[in-house]
Number of protein chains: 4
Amino acid sequence: MKRNKPKYKQIIDAAVIVIAENGYHQAQVSKIAKQAGVADGTIYLYFKNKEDILISMFREKMGLFIEKTEEVIAGKSSSSEKLLVMIENHFSILCDDHHLATVTQLELRQSNKEIRLKINDVLKKYLKLVDMILYEGIDRGEFDPSLDVRLTRQMIFGTIDEIVTTWVMNDHKYELAALAKPIHQIILRGCQAHQ
Amino acid sequence: MKRNKPKYKQIIDAAVIVIAENGYHQAQVSKIAKQAGVADGTIYLYFKNKEDILISMFREKMGLFIEKTEEVIAGKSSSSEKLLVMIENHFSILCDDHHLATVTQLELRQSNKEIRLKINDVLKKYLKLVDMILYEGIDRGEFDPSLDVRLTRQMIFGTIDEIVTTWVMNDHKYELAALAKPIHQIILRGCQAHQ
Amino acid sequence: MKRNKPKYKQIIDAAVIVIAENGYHQAQVSKIAKQAGVADGTIYLYFKNKEDILISMFREKMGLFIEKTEEVIAGKSSSSEKLLVMIENHFSILCDDHHLATVTQLELRQSNKEIRLKINDVLKKYLKLVDMILYEGIDRGEFDPSLDVRLTRQMIFGTIDEIVTTWVMNDHKYELAALAKPIHQIILRGCQAHQ
Amino acid sequence: MKRNKPKYKQIIDAAVIVIAENGYHQAQVSKIAKQAGVADGTIYLYFKNKEDILISMFREKMGLFIEKTEEVIAGKSSSSEKLLVMIENHFSILCDDHHLATVTQLELRQSNKEIRLKINDVLKKYLKLVDMILYEGIDRGEFDPSLDVRLTRQMIFGTIDEIVTTWVMNDHKYELAALAKPIHQIILRGCQAHQ
DNA sequence: CATGAATGAGTATTCATTCAT
DNA sequence: CATGAATGAATACTCATTCAT
């Protein structure tokens with residue numbers, strides 16, 4: 001299994017750095033190889049092609065997202081709190097790794113439709129976590145039972161994504177983590193039953 | 001003024017079609033020229049370069065968005081209704097022009113950072129309309145006075161954008177317009193004062 | 001006869017200015033037309049094509065050279081003096097018209113082989129004047145009777161041309177006219193009989 | 001060091017041939033690559049761009065000129081003889097390589113100002129050799145002590161260059177080497193003290 | 001005579017991928 | 001396993017010239 005070999009991760013980490021620092025269209029395979037400290041040809045011993053590096057990179061990083069999210073929501077009982085810690089976790093990971101934030105919010109979106117569709121597949125696992133929180137919230141009576149879960153999840157993800165993208169576009173110049181609570185407030189209102 | 005000459009609009013409309021049908025990176029200038037029924041060189045009598053075609057295209061189309069939105073919100077008195085017709089208008093325009101939807105949601109995002117920044121400038125005018133509705137709603141007592149307008153606007157735009165992108169990625173296979181009312185409900189809850 | 005119409009000379013003078021100021025490869029027909037104050041298409045009522053402008057320009061200006069040279073050498077009796085006034089005249093015309101100097105010494109030489117051969121044809125009339133002075137000098141006993149007139153003429157023209165080109169390349173920053181006498185001295189030695 | 005690799009020289013030699021046979025403006029990179037027996041992209045492993053091929057070509061060939069000239073003048077003691085062997089060497093190299101002659105005298109002069117300035121830099125080393133011969137000749141009492149070395153060098157180089165250019169323009173149809181002695185005679189007279 | 005909008009052929013350079021060593 | 005030299009397809013833009021008005 002190539003994924004466990006050290007050079008596999010080495011190349012993926014190099015790709016994040018190179019894309020963040022040079023932009024998607026200036027992230028040539030040769031630059032990634034140089035950053036990873038291997039020869040160009042070596043890349044192709046671990047990845048099928050350039051596209052495969054990008055998909056793999058997203059899969060690995062998104063895996064961390066999902067793992068961490070599962071951890072933090074496991075510690076909370078109310079759905080409202082689960083939403084909050086999920087948002088906090090989302091913001092926290094991207095705050096801690098500005099390179100990753102730039103890559104996922106700006107650079108990777110410049111890839112072509114084919115790659116973006118595959119990236120979306122990977123994303124689905126994360127979105128299912130949101131769905132689960134929503135279903136549970138409805139069951140628990142915390143959220144409006146008439147909620148359209150698919151639409152609400154799109155609202156939640158669209159909002160978080162837009163907030164993060166704007167933060168990245170503004171060069172991370174304000175404190176993203178501070179927005180978790182107010183965002184959670186706004187989102188929560190959209191989920192709760194209306195009197 | 002070149003913008004009023006027929007070939008100007010002819011070329012922009014050709015660009016929308018060619019990009020939608022071939023993808024951003026396969027939309028060569030020669031293809032656009034052919035689709036527009038002019039010679040390659042003629043493009044450059046109306047546009048500085050390829051980038052200029054894209055920016056101009058976005059500016060023209062977004063102009064229609066803003067114009068139409070101003071029209072429909074002018075006919076409504078309550079802020080809640082204004083939000084609704086704005087969303088309906090947004091969905092309606094993209095439903096009526098699948099090519100345009102594909103181009104704005106998927107293809108144009110593959111452009112380089114420079115182009116995307118210029119596109120963002122154009123977008124800001126549209127976002128200001130949302131801000132205006134929100135401020136007015138707070139004044140009218142319809143919306144929560146403690147609302148963070150900037151965050152709320154990001155929630156609204158992020159939600160709409162995510163909904164539309166998902167619809168485009170699913171090949172427009174369901175009725176986007178039908179989502180306007182439920183989305184409006186969800187968004188509205190986020191804006192209204194909580195008891 | 002088009003050559004006597006005002007726009008003919010107007011276009012040629014415009015060409016000298018545009019080429020001098022923009023360089024040969026940046027002297028587009030449209031620039032020349034603009035400088036001449038006529039429409040692009042008008043150029044083609046007076047010249048067959050762009051090449052024809054250049055050849056005609058060289059022919060007109062070289063005509064002035066020859067005319068003036070004939071005037072000044074007519075006023076001198078000794079061949080040595082004739083050589084001197086010819087050189088002085090050559091330098092004087094180019095000193096008085098820096099644009100022309102730049103065009104003939106640097107820019108026009110960037111034209112292709114075909115144009116340069118045609119320019120050489122025009123130049124031949126001027127070179128024949130040099131030959132005439134040399135033959136006369138031999139007849140008069142001023143110059144070495146064993147002189148190879150063709151080679152000597154090439155020496156004279158090559159020297160003058162190199163001197164002027166170097167002066168233009170140094171941005172006309174020293175007094176070209178002051179070099180006429182010393183150059184004449186050097187050239188003269190090459191022509192006179194050796195003891 | 002790329003300059004010592006075989007493909008470096010291979011490409012330069014291909015460039016001389018392609019430019020000589022097709023003319024400067026018809027010497028596409030792909031033609032040069034084909035002539036050199038390499039892929040288009042390979043060119044760019046050895047040269048920064050097309051301009052770099054031309055400058056390098058001139059530098060390499062002019063290097064041979066200077067090297068050979070230094071060799072032949074080292075074998076002579078009198079300055080007069082040094083001038084002669086320098087001229088003979090100059091003519092001999094170009095006689096032996098008609099392609100090179102065409103390229104240096106006609107085609108390379110069509111390049112833009114930037115390239116020509118860089119070529120001139122390379123040329124300066126050759127011109128310094130002429131200066132050295134002249135200074136030595138004055139010291140040895142062979143040449144007129146009142147000689148203006150700069151002007152004289154321009155006379156010598158201008159003469160040689162004009163002779164060669166005329167020979168190339170006449171399709172090398174006469175024996176250039178045969179002109180070395182008479183030219184040397186003419187030049188020599190210009191250098192020697194006059195009685 | 002004069003105009004100027006329209007034409008369309010032509011080319012340097014990049015970079016993902018391969019394969020002989 | 002690892003290398004890195006070599007490959008070659010693919011594309012925006014310019015500008016001399018024309019011709020309908």
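You'll find chain A entered in an unreviewed UniProt entry as TetR family transcriptional regulator, with Bacillus coahuilensis p1.1.43 given as the organism.

Section: the domain arrangement of chain A
All names here are of chain A. Along its sequence, chain A is organised into domain 1 (1-47) and domain 2 (50-191). A C-alpha centroid distance of 26 Å is found between domain 1 and domain 2. The interface is formed by 19 residues belonging to domain 1 together with 17 residues belonging to domain 2. Between domain 1 and domain 2, a total of about 1,700 Å² is buried, with carbon and sulfur atoms accounting for 69% of that surface. Put simply, domain 1 and domain 2 have two salt bridges between them. The salt bridge involving glutamate 60 is made with lysine 9; its shortest N-O contact spans 3.3 Å. At the junction of domain 1 with domain 2, the criterion picks out five residue pairs in polar contact (both at pLDDT 80 or more). The element best represented in the side of domain 1 that touches domain 2 is helix 1 (residues 6-22), accounting for 10 residues. For the side of domain 1 that touches domain 2, the per-class residue count stands at 12 nonpolar, three polar and four charged.

A short note on the protein's contact with DNA strand F
Near DNA strand F there are 29 residues, and of these A:Lys5, A:Thr42, B:Gln28, D:Thr42 and D:Tyr46 occur at the shortest range. Note that a phosphate oxygen of DNA strand F is positioned 2.4 Å from one of the side-chain N or O atoms of A:Thr42. Separating a phosphate oxygen of DNA strand F from a side-chain N or O atom of B:Tyr44 is a distance of 2.9 Å. Elements supplying a minimum of two residues to the surface near DNA strand F: helix 3 (40-46) of chain A, helix 3 (40-46) of chain B together with helix 3 (40-46) of chain D.

Let's talk about the protein's contact with DNA strand E
As a matter of local geometry, DNA strand E sits amid 29 residues, with B:Thr42, B:Tyr46, C:Lys5, C:Thr42 and D:Gln28 nearest to it. In DNA strand E, the atoms that sit within 4 Å of the protein are 74% sugar and phosphate, with bases accounting for the remainder. Between a phosphate oxygen of DNA strand E and a side-chain N or O atom of C:Lys7, the distance comes to 2.8 Å. In this structure, D:Val29 approaches DNA strand E through a main-chain N or O atom, which is 3.1 Å from a phosphate oxygen. Where the surface near DNA strand E is concerned, the elements lending two or more residues are helix 3 of chain B, helix 3 (40-46) of chain C together with helix 3 of chain D. Of the residues in the surface near DNA strand E, the class split is 12 nonpolar, 11 polar and six charged.

Here we look at the arrangement of the chains
With no contact between them, chain B and chain C keep their nearest C-alpha atoms 14 Å apart. If you take every C-alpha in chain A and every C-alpha in chain D, the smallest gap between them is 14 Å, and the two do not touch.

Focus: the interface of chain C and chain D
Interfaces are frequently sized by the accessible area removed from exposure as the parts join. With 37 residues of chain C at the interface, the matching set in chain D holds 38 residues. Roughly 3,400 Å² of surface becomes buried between chain C and chain D when both sides are summed, with 58% attributable to carbon and sulfur atoms. In terms of surface lost to chain D, no three residues of chain C exceed C:Leu151, C:Ile186 and C:Arg189, which account for 20% of the buried area on that side. Joining chain C to chain D, the criterion identifies three salt bridges. Note that D:Glu107 and C:Lys113 form a salt bridge whose closest N and O atoms lie 3.5 Å from each other. There are 12 residue pairs in polar contact (both at pLDDT 80 or more) connecting chain C and chain D. Within the residue set of the side of chain C that touches chain D, elements represented by two or more residues are helix 6 (98-107), helix 7 (113-139), helix 8 (149-169) and helix 9 (180-191) of chain C. Counting residues per element, the side of chain C that touches chain D draws most heavily on helix 8 of chain C, which supplies 12 residues.

Brief notes about the UniProt feature "domain: HTH tetR-type" (unreviewed entry) in chain A
Here the UniProt feature "domain: HTH tetR-type" (unreviewed entry) sits at residues 5-65 of chain A. Regarding residues 5-65 of chain A, the helix share stands at 79% and the strand share at 0%, and the terminal C-alpha atoms are separated by 21 Å.

Some points on the relation of the copies chain C and chain D
When chain C is fitted onto chain D, the two copies agree to an RMSD of 0.3 Å after a turn of 178° and an axial shift of 0.3 Å. Put plainly, the chains are arranged around a two-fold axis. Minimal C-alpha distance to the rotation axis in chain C is attained by C:Gln110, lying at 1.9 Å. Of all interface residues in chain C, 97% are interface residues in chain D too; the two copies therefore contact each other through one and the same surface.

Here's the deal with the interface of chain B and chain A
In this assembly, 38 residues from chain B lie in contact with 37 residues from chain A. Approximately 3,300 Å² of surface area, both sides summed, lies buried where chain B meets chain A, with 58% of it carried by carbon and sulfur atoms. Inspection of the region where chain B meets chain A yields three salt bridges. A salt bridge links A:Arg189 to B:Asp144; the shortest N-O distance between them is 2.7 Å. For the pair chain B and chain A, the number of links is 13 residue pairs in polar contact (both at pLDDT 80 or more).

Quick notes on helix 2 (residues 29-36) of chain A
Residues and elements named next belong to chain A. Those residues of helix 2 that sit buried are Val29, Ile32, Ala33 and Ala36. Projected onto a plane normal to the axis of helix 2, the buried residues spread over an arc of 100° and lie on a single side. As for helix 2, its buried residues are in contact with helix 1, helix 3 and helix 4 (50-74). In the stretch just after helix 2, glycine 37 is the one whose phi turns positive, near 75°.

Observations regarding the packing of aromatic side chains
Throughout the structure, instances matching the rule amount to eight aromatic pairs over all chains. Between A:Tyr8 and A:Phe47, the aromatic rings sit 5.0 Å apart at their centres with planes inclined by 15°, giving stacked as the arrangement. With A:Tyr8 in helix 1 and A:Phe47 in the loop between helix 3 and helix 4, this residue pair connects regions lying 39 residues apart in the sequence. The exposure class of A:Tyr8 is buried, given its relative accessible area of 2%. When the centroid spacing of 5.7 Å and the interplanar angle of 85° are considered together, the rings of C:Phe65 and C:Tyr126 count as edge-to-face.

A look at the UniProt feature "DNA-binding region" (unreviewed entry) in chain A
Mapped onto this numbering, the UniProt entry annotates "DNA-binding region" (unreviewed entry) at residues 28-47 of chain A. Secondary structure across residues 28-47 of chain A divides into 75% helix and 0% strand, with the first and last C-alpha atoms of the span separated by 14 Å.

Some thoughts on the relation of the copies chain B and chain A
Relative to chain A, chain B is turned by 178° and slid 0.3 Å along the rotation axis, the superposed coordinates differing by an RMSD of 0.3 Å. A share of 95% of interface residues in chain B that are also interface residues in chain A marks the association as one of identical surfaces.

Considering the packing of helix 5 (residues 79-96) of chain D against helix 6 (residues 98-107) of chain D
In a pair of packed helices, the angle between the axes and the distance between the axes together describe the arrangement. All names here are of chain D. Remark: helix 5 packs on helix 6, axes separated minimally by 5 Å, with the N-to-C direction vectors making an angle of 110°. Classified by the angle their axes make, helix 5 and helix 6 are roughly perpendicular. For the pair formed by helix 5 and helix 6, the contact residues are Ile93, Leu94, Cys95 and Asp96 on the first element and His98, Leu100, Ala101, Thr104 and Gln105 on the second. Along the lines of polarity and charge, the residues of the contact of helix 5 with helix 6 split into five nonpolar, three polar and one charged.

Quick word on the side chain of C:Glu162
You can see C:Glu162 is positioned in helix 8. Buried charge without a salt bridge: C:Glu162, with D:Arg153 as the nearest opposite-charge side chain at an N-O distance of 6.4 Å. If we skip the residues at most four places from it in the chain, C:Glu162 touches D:Gln154, D:Phe157 and D:Gly158.

Here we look at the environment of D:Val16
All names here are of chain D. Inspection of the secondary structure puts valine 16 in helix 1 (residues 6-22). Distance in space between the C-alpha atoms of valine 16 and methionine 57 is 7.7 Å, their sequence separation being 41 residues. Look past the residues within four positions of valine 16 in its chain and what remains in contact with it is Met57, Lys61, His99, Leu100 and Val103.

Quick notes on the packing of helix 1 of chain D against helix 2 (residues 29-36) of chain D
All names here are of chain D. Viewed as axis vectors pointing N to C, helix 1 and helix 2 meet at an angle of 120°, and their least axial separation amounts to 8 Å. It follows from the interaxial angle that helix 1 and helix 2 lie oblique. Relative to helix 2, helix 1 is oriented so that their crossing is right-handed. Mapping the contact onto sequence places Gln10, Ile11, Ala14, Ala15, Ile17, Val18 and Asn22 in helix 1 and Lys31, Ile32, Gln35 and Ala36 in helix 2. Here the contact of helix 1 with helix 2 is built from residues that sort into seven nonpolar, three polar and one charged.

About the cut-offs
- Residues numbered from 1 in each chain as written.
- Chains lettered and ligands numbered in written order.
- Predicted model: local features only at pLDDT ≥ 70, side-chain atom pairs only at ≥ 80, totals over all residues.
- Heavy atoms only, no water.
- Domains from an automatic or database assignment.
- Contact = heavy atoms within 4.5 Å.
- Buried area = accessible area lost by both parts, 1.4 Å probe.
- Salt bridge = Lys/Arg side-chain N within 4 Å of Asp/Glu carboxyl O.
- Polar contact = N/O pair within 3.5 Å; in protein donor to acceptor, adjacent residues only side chain to side chain.
- Helix = DSSP H or I, 4+ residues; strand = E, 2+ residues; numbered from the N terminus.
- Nonpolar A, V, L, I, M, F, W, Y, C, P; charged D, E, K, R; others polar.
- Near = heavy atom within 4 Å.
- UniProt positions renumbered as here; feature names shortened; annotations may be inferred.
- Least-squares fit on C-alpha atoms with pLDDT ≥ 70 in both.
- Buried < 20%, exposed > 50% of the residue type's maximum accessible area, 1.4 Å probe, protein only.
- Arc of directions from axis to C-beta.
- Phe/Tyr/Trp six-rings, centres within 6.5 Å; stacked < 30°, edge-to-face > 60°.
- Axes fitted to C-alpha atoms, helices over the stretch in contact; angles between N-to-C directions.
- Parallel < 35°, antiparallel > 145°, perpendicular 65-115°, else oblique.
- Lys, Arg positive; Asp, Glu negative; His and termini not counted.
- Left-handed = near helix turned anticlockwise from the far one by under 90°.

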